[in-house]
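Structural features, examined
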Amino acid sequence: MVADPSNMDIKEAVPIPNTRVVVRDQEGLDRKKRAIRAAGPQRLQIVSDFDMTLTRFNVNGKKGQSCHSLLSQKNDQYNQMRQDLYKHYYPLEIDQSIPYDKKVKLMEEWYEKSHATLLEGGLTLDEIRDSVANANVAFREETAQLFELLDSKRVPVLIFSAGLADVLEEVLRQKLHRAFGNIRVVSNRMKFDEEGRLQSFVGSLIHSLNKNEHAIALAGPMHDEQGRVLDDLEHREPSDGSTEPAIDGLDGRSVVAGRNNVILLGDHLGDLGMSRGVDVDEQISIAFLNDKVEENLEVFASSFDVVLIGDGSMKEVITIVEDIL
Ligand code: TMP
Ligand code: MG
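With an unreviewed UniProt entry as reference, the chain is termed 5'-nucleotidase, source organism Klebsormidium nitens. The UniProt entry for the chain carries the following text under Sequence similarities (unreviewed entry): "Belongs to the pyrimidine 5'-nucleotidase family." Regarding the chain, the relevant UniProt record gives this comment under Catalytic activity (unreviewed entry): "a ribonucleoside 5'-phosphate + H2O = a ribonucleoside + phosphate".

Here's what the structure looks like:
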């Protein structure tokens, strides 16, 4: 239920320049923090959107690119086709007057056509690498520190995206310069042939309306630069000093089994749906409000526990996680 914004008691703090933190219900947030702390790190999972949540909204004075928008094939005809599809379907995606069932069909249509252009155009791993190298994309400051902190406490991170898993992972590798064993990516994953040419997509489609933990069967671990599956924490040397037990298994379902407390990170109201499918005990939802701040602040503040304004770093998220762990 969305609270009446006129009744909201919005408290603001200014922890670092350019980031405003808005918490509608500080007491409620503190209560959730205490409950999650008491249950311990073994009961916690992080659920995060990718584009404009982990990555910045503005990069080098321009709008940052998403996994889809950064992708460029050598044969420009296919880029043009995907752009034309975007121009047709994106307005439908954000049109609130279209009934849900009809919109699901439209999204399926869009993703099928878009994926078909990648298949027909014979997308290659090299094209993905080059696209990411030339992309205007950057992670929020301290994203690696956040992942490291969670990794040291054996807390899994599920990254949900209706984009493309292989592009997203390449962004993680190139821009964070490392892979993390506690990350599982739930997104559209590609299969490549021996020459590195796209052969097929794995599993069913993930689009913006079904981007939630029902799609968890599609979650996969990260790969390193050589394309090897990054091993899960179970097999890692205990040299990182963690005293927490290892996370079991590589697949998404087993890494989050029994973890009913959630910290959710997103930049759209729809991202709140990502934890659908989890039997949630406690959830702290944190939003990055990137765009049309004045217009969206009230509804964001009444829907998310914490709203971060100003395209800032992960500092606030780290503070909350440190508080809990
Ligand atoms: P997400 O940010 O929730 O992961 O959603 C991905 C966005 O990507 C969603 O708004 C649809 C959009 N998209 C493109 O920009 N280009 C495409 O070719 C497709 C299929 C989707
Ligand atoms: Mg996003």
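Okay, the site of ligand 1 next. Taken together, the neighbourhood of ligand 1 is formed by Asp49, His68, Tyr86, Glu93, Trp110, Tyr111, Ser114, Ser161, Ala162, Gly163 and Lys211. The side chain of Lys211 places a nitrogen or oxygen atom 2.9 Å from an oxygen atom of ligand 1. Here ligand 1 loses 86% of its free accessible area of 480 Å² to cover by the protein chains. Structurally, ligand 1 is housed in the largest pocket. Looking at the shell around ligand 1, the elements with two or more residues in it are helix H2 (76-93), helix H3 (100-120) and strand E6 (157-164). Tallied by class, the residues present in the shell around ligand 1 amount to 4 nonpolar, 4 polar and 3 charged. Of the domains in this structure, domain 1 (20-56 + 138-324) and domain 2 (62-133) are the two that each give at least three residues to the shell around ligand 1.

Another point: the pattern of salt bridges. Overall, the coordinates contain 14 salt bridges when judged by the stated rule. Ionic pairing is found between Lys315 and Glu142, a salt bridge with its closest N-O pair at 3.8 Å. Taken together, the positions of Lys315 in helix H9 (residues 315-324) and Glu142 in the loop between helix H4 (125-133) and helix H5 (143-152) put the pair 173 residues apart, joining distant regions of the chain. Among the residues examined, Lys315 registers a relative accessible area of 36% and is labelled partly exposed. Residue Glu169 is joined to Arg189 by a salt bridge in which the shortest nitrogen-to-oxygen separation is 3.1 Å. Taken together, the residues span a long stretch of sequence, with Glu169 in helix H6 (residues 165-176) and Arg189 in strand E7 (residues 183-192) at a distance of 20 residues. We note that Glu169, like Arg189, is buried. Put simply, Glu169, Glu170, Arg173 and Arg189 are held in one network by salt bridges that share partners.

Conventions used here
Residues numbered from 1 in each chain as written. Chains lettered and ligands numbered in written order. Predicted model: local features only at pLDDT ≥ 70, side-chain atom pairs only at ≥ 80, totals over all residues. Heavy atoms only, no water. UniProt positions renumbered as here; feature names shortened; annotations may be inferred. Near = heavy atom within 4 Å. Polar contact = N/O pair within 3.5 Å; in protein donor to acceptor, adjacent residues only side chain to side chain. Areas by Shrake-Rupley, 256 points an atom, 1.4 Å probe, with all protein chains shown as cover. 1 Å grid on protein atoms, 1.4 Å probe; cavity = no way out; pocket = protein on both sides within 12 Å on 5 of 7 lines; lining within 4 Å. Sits in = over half its atoms within 2 Å of the grid points. Helix = DSSP H or I, 4+ residues; strand = E, 2+ residues; numbered from the N terminus. Nonpolar A, V, L, I, M, F, W, Y, C, P; charged D, E, K, R; others polar. Domains from an automatic or database assignment. Salt bridge = Lys/Arg side-chain N within 4 Å of Asp/Glu carboxyl O. Buried < 20%, exposed > 50% of the residue type's maximum accessible area, 1.4 Å probe, protein only.

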